[in-house]
Amino acid sequence: MKTMLAIISNALCRMTGRNVGARVVISRSFADFTTQATFDIKKCDVHRLEEGPPVRAELTRDQGLQYYRTMQTVRRMELKADQLYKQKIIRGFCHLYDGQEACAAGIEAAINPTDHLITAYRAHGYTYTRGVSVKEILAELTGRKGGVAKGKGGSMHMYAPHFYGGNGIVGAQVPLGAGIALACKYQDNDQICVTLYGDGAANQGQLFESYNMAALWKLPCIFICENNGYGMGTSVERAAASTDYYKRGDFIPGIRVDGMDVLCVREATKFAADHCRAGKGPIIMELQTYRYHGHSMSDPGVSYRTREEIQEVRTKKDPITMLKERMISTNMASAEEFKEMDMEIRKEVEEAAQFATSDPEPALEELCNHMFYNNPPLEVRGTNPWSKLTSVS
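Note that the structure is a prediction, hence the values are computed from the model and not measured.

In this structure, what is going on with the pattern of salt bridges? I would like to understand it.
Once their charged atoms are close, side chains differing in charge can pair, the charge on each being opposite to the other. Using the criterion set out here, one finds 17 salt bridges in the structure. Between glutamate 267 and arginine 266 there is a salt bridge, and its shortest N-O distance comes to 2.8 Å. Like arginine 266, glutamate 267 is buried. In this structure, glutamate 312 and lysine 316 form a salt bridge, with 3.2 Å as the shortest nitrogen-oxygen distance. Of the two residues, glutamate 312 and lysine 316 both sit in helix α10 (residues 307–317), 4 residues apart, roughly one turn of that helix. Accessibility expressed as a relative area gives 62% for lysine 316, which makes it exposed. Via salt bridges that share partners, Asp45, Asp244, Lys247 and Arg256 belong to a single interconnected network.

What exactly am I supposed to notice about helix α12 (residues 335–358) here?
With 24 residues, α12 extends 35 Å between its outermost C-alpha atoms, agreeing within 8% with the 34 Å of an ideal straight helix rising 1.5 Å per residue. Taken residue by residue, α12 has Glu337, Phe338, Met341, Asp342, Ile345, Val349, Ala352, Ala353 and Ala356 as its buried positions.

Where do I start with the layout of surface pockets in this structure?
Estimates place the volume of the second largest pocket at around 370 Å³. What lines the second largest pocket is a set of 15 residues, and nearest its centre among them are Met260, Gln288, Thr289, Val313 and Lys317. Looking at which element gives the most residues to the lining of the second largest pocket, the answer is α10, with 5 residues. Among the residues making up the lining of the second largest pocket, the classes are represented as 4 nonpolar, 5 polar and 6 charged.

About the thresholds
- Residues numbered from 1 in each chain as written.
- Predicted model: local features only at pLDDT ≥ 70, side-chain atom pairs only at ≥ 80, totals over all residues.
- Heavy atoms only, no water.
- Salt bridge = Lys/Arg side-chain N within 4 Å of Asp/Glu carboxyl O.
- Buried < 20%, exposed > 50% of the residue type's maximum accessible area, 1.4 Å probe, protein only.
- Helix = DSSP H or I, 4+ residues; strand = E, 2+ residues; numbered from the N terminus.
- Expected span 1.5 Å × (residues − 1).
- 1 Å grid on protein atoms, 1.4 Å probe; cavity = no way out; pocket = protein on both sides within 12 Å on 5 of 7 lines; lining within 4 Å.
- Points joined across faces, edges and corners; volume = space filled by probe spheres on them.
- Nonpolar A, V, L, I, M, F, W, Y, C, P; charged D, E, K, R; others polar.

Printed below as a string of structure tokens:
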């Protein structure tokens, strides 16, 4: 076989005049792979529903590769942010999303680009799945002009079309999400709003006010609690008398979902979206997930949980590894293909980090720009009465 390859290689060299035979690669054809497979997924717990999402999910090869690329890109991006923070290139608040990638990837796979999404301060993953590049996200984290918010928003304040942040005040995005859903209903545009919050915000009064209004007006809103087990450094068992967050709406239907399985999240979100679009009003989802980092970069994350606990989740429940093993075991992809994709992602993230550390910071004259939308220029007081700046929309 090797002799035959050498003969073919030499013949090609003579025909083209190039040393194409220097590297002969034998690769598997796409025809060798299974194009579609069906997987068993964990059954969801339900509240005020006769039936829940399906317990089997279909996955095409293209979908699987796309989900893998999305989750792995978010993972690598967050690890790079960790590195830049420790180098003191990123400063201030920084809440990383690694471990929870299946939530963002699964939700985005189940909704339309024209649907709306609003979340809390752990927002980097959703910023990416809503269409913002790694380069713009990292540049925003380093406060550079090329960032998605022109370097003035930072970790908690990133935006994109149909994506409303990134909100720094705990729980404050939930009534805003209900308001976006009200706009969808008012405009009768068949769109929904995905409103996310964490278990740490789940005990706030403003959530229950939002539930009540959404139920009264049958708003097309999916309220999603990303339950990663800890609100800052407090476990859910110590913070909540009831940890069944999917039942918290009382009169609103709810489902509890395995948030570490991208297929589980996708199917549950499709189910919830169909519920809202059918005019049945809001629904609550609880995604049981886990964060590998601490609450923020100032939290080492091991004073209230053990390293062994974190390692066990990484070993047994990691969302990226789970998808990869499913696809390899059903011949939907090869290990070599995933390695190649990993190299491409690493390169993309490294190039984005180079941009994020070399792009200039925004000029002082731009500090007050974009405070208002479509307003004539106005004067803004600076840090003292005689310091004046101009705000341009």
